[in-house]
Amino acid sequence: MEWSEPRPGHRRSSGSSTSRRALRMAAIVTAVAAMLVTYIVVVTTRADAAETLLSQGRPTTASSTENAGTPASSATDGNTGTRWSSTFSVPQWIQVDLGSAQSITRVALNWEGAYATAFQIQTSADGSTWTNVYSTTTGTGGQQSLPVTGTGRYVRVNATAKATQWGVSLWEFQVFGGTPDNPGTCGTTNAAQGKTATASSTENAGTPASAAVDGNTGTRWSSAAADPQWLQVDLGSTVTVCGVRLNWEAAYATAYQIQVSTNGTSWTNIYSTTAGTGGVQNPAVTATAGRYVRMNGTARATVYGYSLWEFQVFTGSGPSNPTSPSPSTSSSGPALPTSDTPDFGPNVRIFDPSTPVATIQSAVDQAFNAQLRSPTAQFGTQRHVFLFKPGTYGRVWANVGFYTTVAGLGLNPDDVTINGAVNVDSGWNYGDELNATQNFWRSMENLSIVPEGGINRWAVSQAAPMRRIHIKGNLTLAPSNQDGGQGYSSGGYLADSVVDGYVTSGSQQQWYSRDSRIQRWDGGVWNMVYSGVQGAPPNAFPNPPHTTLATTPVTREKPYLYVDSAGLYRVFVPSIRRNSAGATWPNTPGTSIPMRQFYVAKPGDSAARINSALAQGLNLFFTPGTYSLDQTIRVTRADTVVTGIGYPTLIPVGGVEALNIADVNGVKVSGLTFDAGTTNSPTLMSVGTAGAHTDHAANPISIQDVFFRIGSSVQGKATTTLAVHSDDTIIDHIWAWRADHGGAPTGWTVNTGDTGLLVNGDDVLATGLFVEHYQKYEVIWNGNRGKTIFFQNEKPYDVPNQAAWIGPRGNGYAAYKVADSVTDHELWGGGVYCYFNVNPAVRVDRGFEVPNRTGVRLHSVITVSLGDVGTIANVVNDTGGAVPNPAGNTTPRQVVNYP
């Protein structure tokens, strides 16, 4: 929102599913931080023997499972993002059937935080009589590599004492065998790449069989939509096939066989499953001689055919199957560098308590002062990140300008204490110093502030989140020198924070606070919304305008960067919470990922290089700057973390989609900004596959602090900004903005955009939804059982005349459209504002348009005509009355509950 009134007095991607990660407390967080160190388990083997991984993909059973999302098979699937966990008692066991008697040389255990302190490794010939080959009563969890000597068909871990109140849990349980005379080695070179590939069918000319063996994860083979279908590759000569890797697009096989042949006619199964999960799979094949290798699909996960980004084959002398690629080796291209102490680039300044305060003050002043009275700073290329290592800092007054982030590098906010202020006011705004309605694109997180004078100021509007902050005093959210509440500020977001004193909202017209703790909240103009905020005012909308929910249905806090006690950088990924309230810290449950599991992207990196990093199993960490993308960044692996600091800005080139998230579990996207390119993109970002309703409730995809712009620094165009197809997705604070002003010209026919958010998935939750100025329905919600907590919208300013803006149901388009087919939907705290300054005669018939049925419910919704310029005829459907209100002076219309 940029206007303010003084307030008196379908491109499909790959799919898989993974199990849910349980909530854990402080002791478990510590264990996890010490545990998750590489994408695969890396252990030291004995110098005198080359070993074979015997257990991966083999039948696995357990004494119990915590829930359906943590089955025993998850511990032997080669995926360190899935796990087995037991019920909350001991003894518990997990065992794997190797298929035949094997010589066992080593067992590798990758414990989740709920580890066993006492356990035995046991072998058995029949699954009934067990022999101990290892025993301990002092287990430490983490990763353990245990040399053993034994023989058996069955191997199990028998846990007799546990470290936590939960059960026991393993990310991976690996059994190795082999002798110097039987090394069982399998190569790591993709023997299929560039070879001749054929298929039973192709969907179209753009998805040929050859695209699955070209080494490019941006191309794919897809078949006709029928069963069965096959893809095969001719290796050129007969070799021992010992490994296969399948990189599925979203249209994956639930049942398939891996087959080999010496003549291309007679086929032998070397692997078979009826429980395929999609994503990147490494089936445990039986090493067999063959010239031809094929995937024979017999059952599909979707209504589409079968589709593979890559079909890789590995050869060698023994029965070992390659595990998932490590970040340092991959057949998808040259290994990309990673580090636990990465270079974050020149736009990131890192301070520690020994840094002179004068040095810190000079750095933050230089960044901010360059923006003072600057008409170009709002859409400039400058990016600034100031990171503070754990400790206490003397008097620092950090004024935070555009594209600036101030953040702590502790595991908890109280690990970093700043005396002074992290301040946002309106002094930059050349002649309008009480107007904070354009204080966009800045943030602070993960630190504590002892505010000078007892009050910290954060006068912001959209795209300016405050997360994981401890204000050891009071907080005000409006510009200084208000003179009894005057001054402008409009919309902000606070989460996972604690304010010891009071919060004064002042001129803030709307604000959303989530899962925090405050002493008191003072003020409110039109629409103040709270969910899971301890100390929030009681629900009283419309007078005063507070909408309060005791809890938030589902939350997963944003991943954040921190530095551990050894000086190594890590990203902490908080766990899912349900019906949550209050801040997560200091004992935030979650997972710690070392930075060497991330590709640290920098401006100038190509989309191909970024996709190569993803193909190698890496997460993505974007450093500040702008990124031109001539191809889509595709995230296909479950639980991938894609995050950024300092407002890294992705700009599609040639009308491509900038980011595509497959319909897989647990992908986390945060801290990114998207600028539409000059060639229209059908979408800027999409999540999942239209029509593929896979249940992700246990481990949903999350989108946090992600901001979209159509027109601003670039004269951009996009039909739909964000399309969410995946069920259960969490949208936690986005701003989708079709610009009304910018560094590049804007206008009705210049920076065009139809819709800010399209939701096709079921059970999608939006917490903090800001969508503004789009030319048709700004939010379209087609999925069932959707929920939105806080919605803020301005209609487009620049409608030239009524004839140019006629929707399906009359004048204009509602801001928030729930499809007629939806039977269950709920919204709390929504505001729609108009300011038709190009043509004040323009009107829109309603702010919200929903089907009239009892399962579709809206609470605390308003419309406002800003400055009484332009008309909204009703709040919801034909209910609520028109604005401008006869009372004048930008008086809103309110509907407390609908129907």
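First, a word on scope: everything that follows refers to the structure included in this document. Just so we're clear, the structure is a prediction, and the values are computed from it rather than from any experiment. Sequence positions are assigned chain by chain, starting from 1 and proceeding in written order. Reporting in this predicted model follows two pLDDT cut-offs: at least 70 for local features of residues, and 80 or more for side-chain atom pairs to be given and counted; totals over whole chains, interfaces and linings ignore these cut-offs and use all residues. As a rule here, side-chain values cover all heavy atoms of the structure and leave hydrogens and water aside.

**Let's talk about the overall build of the protein**
A helix here means a DSSP run of H or I that spans at least four residues, while a strand means a run of E at least two residues long, and both kinds are numbered starting from the N terminus. Per the secondary structure count, the protein includes 3 helices and 61 strands. Within the protein, the proportion of its 899 residues that are buried is 65%. The Shrake-Rupley method, run with a 1.4 Å probe sphere, supplies the accessible areas, and residue values consider only the shown protein chains as cover. Within the structure as shown, the protein displays about 27600 Å² of accessible surface, and the carbon and sulfur contribution to it stands at 50%. Throughout this description, buried means an accessible area under 20% of the type-specific maximum (1.4 Å probe, protein chains only), exposed means over 50%, and partly exposed covers the range between.

**Structural notes on helix H3 (residues 607–615)**
Note that an α-helix has 3.6 residues per turn; residues three or four places apart therefore point the same way. Every buried residue belonging to H3 is among Ala 607, Ile 610, Asn 611, Ser 612, Ala 613 and Leu 614, and all of these are buried. Contacts are assigned to residue pairs that have any heavy atoms within 4.5 Å of one another. Against strand S36 (598–601), strand S37 (619–622), strand S38 (626–629) and strand S39 (633–635) lie the buried residues of H3. Positive phi shows up at Gly 617, right after H3, with a value of about 85°.

**Quick notes on the sheet that holds strand S32 (residues 560–563)**
Between any two strands, pairing holds if DSSP finds at least two bridges. An order of S32-S33-S35 is seen for the 3 strands of this open sheet, with the pairing classed as antiparallel. Edge strands, defined here as strands with exactly one partner in the open sheet, are S32 and strand S35 (590–594). Strand-to-strand, the axes of this sheet are offset by a mean angle of 35°, without reference to chain direction. Where S32 and strand S33 (residues 569–574) come together, 4 bridges link them in antiparallel fashion. Bridge pairing links Val 563 to Tyr 569 in S33. Simply put, an axis is a line fit to the C-alpha atoms, just over the touching stretch for a helix, and the angle between two N-to-C directions goes from 0 to 180 degrees.

**Observations concerning the packing of aromatic side chains**
Side-chain rings of Phe, Tyr and Trp, where Trp is taken by its six-membered ring, are said to pair if the distance between their centres is within 6.5 Å; with planes under 30 degrees apart they count as stacked, over 60 as edge-to-face, and otherwise as tilted. Within the structure shown, the criterion is met by 39 aromatic pairs. Geometrically, the ring pair formed by Tyr 256 and Tyr 271 is tilted, given 5.9 Å between the ring centres and 40° between the ring planes. Within this pair, whereas Tyr 256 is found in strand S12 (residues 253–261), its partner Tyr 271 is found in strand S13 (residues 268–273), the two being separated by 15 residues in sequence. For the pair formed by Tyr 256 and Tyr 271, the shared burial category is buried.

**As for the sheet that holds strand S55 (residues 816–818)**
Working definition: the strands of a sheet are paired by backbone hydrogen bonds and lie parallel or antiparallel to each other. Taken in spatial order, the 8 strands make up an open sheet running S39-S42-S45-S47-S49-S51-S55-S58, and their pairing is parallel. Whereas interior strands pair on both sides, the edge strands pair on one side only; in this sheet they are S39 and strand S58 (848–849). Strand direction decides the pairing type here: strand S45 (residues 681–687) and strand S47 (residues 718–724), joined by 5 bridges, are parallel. Bridge pairing in S47 places Val 687 opposite Val 724.

**Regarding the nonpolar core**
Counting residues in hydrophobic clusters, the biggest one holds 82 residues, and the most contacted among them are Phe 622, Phe 674, Met 685, Phe 791 and Phe 848. Those residues in contact with Met 685 that lie beyond four places of it in its chain are Glu 657, Leu 659, Ile 661, Val 669, Phe 674, Ile 703, Phe 708, Thr 721, Leu 722 and Ala 723. Buried Ala, Val, Leu, Ile, Met, Phe, Trp, Tyr and Cys residues form a nonpolar core when they are joined through side-chain atoms within 4.5 Å. Membership of the second largest hydrophobic core comes to 37 residues, among which are Tyr 393, Val 406, Val 422 and Met 528.

**With respect to helix H2 (residues 357–369)**
To estimate the expected span of a helix, count its residues, drop one, and scale the result by 1.5 Å. The first and last C-alpha atoms of H2 sit 18 Å apart over 13 residues, in line with the 18 Å expected at 1.5 Å per residue. Looking at H2, one finds that the buried residues are Ile 360, Gln 361, Ala 363, Val 364, Ala 367 and Phe 368. Along the long axis of H2, the arc covered by the buried residues comes to 160°, so they all point the same way. With respect to the buried face of H2, the exposed residues turned more than 90 degrees away are Ala 358 and Gln 366. Its buried side turned inward, H2 meets strand S17 (348–351), strand S18 (384–388) and strand S19 (391–399). It is the directions from the helix axis to the C-beta atoms that the arc portrays.

**Examining the pattern of salt bridges**
Within this document, salt bridges are pairs made up of a side-chain nitrogen of Lys or Arg and a carboxyl oxygen of Asp or Glu, the two lying within 4 Å of each other. Considering all chains together, one arrives at 40 salt bridges under this definition. One salt bridge in this structure joins Glu 557 and Arg 467, with 3.8 Å as the shortest N-O distance. Remark: Arg 467 occurs in strand S24 (residues 466–471) and Glu 557 occurs in the loop between strand S31 (552–556) and S32; sequence separation between them is 90 residues. Because the salt bridges share partners, they merge into one network encompassing Glu 445, Arg 467, Arg 514, Asp 515, Glu 557, Lys 558, Arg 577, Asp 705 and Asp 732.

**Quick notes on unusual backbone geometry**
A cis amide bond links Asn 543 with the next residue in sequence, Pro 544, at an omega value of -5°. A cis geometry characterises the amide bond from Trp 585 onward to Pro 586, with omega recorded as 15°. Of note, Pro 586 is situated in the loop between strand S34 (576–580) and S35. The residue Tyr 403 is not glycine, and still its phi comes out positive at about 55°. Structurally, Tyr 403 is set in the loop between S19 and strand S20 (404–408). For Ala 463, which is not glycine, the phi torsion reads 55° and is therefore positive. Relative to the helices and strands, Ala 463 resides in the loop between strand S23 (455–457) and S24.

**Observations regarding the environment of Thr 82**
With respect to the secondary-structure elements, Thr 82 resides in the loop between strand S2 (60–62) and strand S3 (84–85). Thr 82 gets classed as buried once you look at its relative accessible area, which sits at 3%. Any pair of nitrogen or oxygen atoms within 3.5 Å is treated as a polar contact; in protein, a donor-acceptor pairing is required on top of that, and neighbouring residues in sequence qualify only through side-chain atoms on both sides. A distance of 3.2 Å separates a polar atom in the side chain of Thr 82 from the backbone oxygen of Ser 74. A distance of 2.6 Å separates the side chain of Thr 82 from the side chain of Asp 77, its partner in a polar contact.

**A word on the pairing of strand S52 (residues 786–794)**
Where burial is concerned, most of S52 is hidden: 8 out of the 9 residues are buried. Bridge count between strand S50 (residues 765–772) and S52: 5 bridges; the pairing is parallel. The partner of Leu 769 across the bridge, within S52, is Phe 791. Relative to strand S56 (residues 825–834), S52 is paired through 8 bridges, and the arrangement is parallel. Across the sheet, residue Thr 788 finds its bridge partner in S56, namely Leu 827.

**A word on the pairing of S18**
Among the 5 residues that make up S18, 4 are buried, leaving the element largely enclosed by the rest of the structure. Two strands pair when backbone bridges link them, and S17 and S18 are joined in this way by 4 bridges, in the parallel orientation. Residue pairing for S18: Ile 350 is matched across the bridge by Leu 387. Regarding topology, H2 serves as the crossover connection from S17 to the parallel S18, and that connection is right-handed. As defined by bridge partners, S18 adjoins S20 across 5 bridges and the pair is classed as parallel. Residue Val 385 lies in a different strand from S20, and its bridge partner there is Thr 405. Handedness of a crossover is defined as follows: orient the strands so they point away from the viewer, and if the path from the first strand over the helix to the second runs clockwise, the crossover is right-handed.

**Re the environment of Val 844**
Position of Val 844 relative to the elements: it lies in strand S57 (residues 843–844). Residue Val 844 is classed as buried on the basis of its relative accessible area of 1%. Spatially, the C-alpha atom of Val 844 lies 4.5 Å from that of Gly 812, the residues being 32 residues apart in sequence. Here Val 844 is in contact with Trp 805, Asn 811, Gly 812, Tyr 813, Ala 814, Phe 836, Thr 871, Ile 872 and Ala 873, once residues within four sequence places are set aside.

**Thoughts on the environment of Ser 592**
Relative to the helices and strands, Ser 592 resides in strand S35. In this structure Ser 592 comes out as buried when scored by relative accessible area, which is 0%. In this structure the C-alpha to C-alpha distance between Ser 592 and Tyr 560, which are 32 residues apart in sequence, comes to 9.7 Å. Reaching out from Ser 592, the side chain makes a polar contact with the side chain of Tyr 562 at a distance of 2.6 Å. Among the polar contacts listed, one links the side chain of Ser 592 to the side chain of Arg 570, at a separation of 2.6 Å.

**What about the side chain of Gln 122?**
You can see Gln 122 is positioned in strand S5 (residues 116–124). Reaching out from Gln 122, the side chain makes a polar contact with the side chain of Arg 156 at a distance of 2.5 Å. Look past the residues within four positions of Gln 122 in its chain and what remains in contact with it is Trp 130, Thr 131, Asn 132, Val 133, Tyr 154, Val 155, Arg 156 and Asn 158.

Spatial relationships are all this shows, so hold off on functional conclusions.
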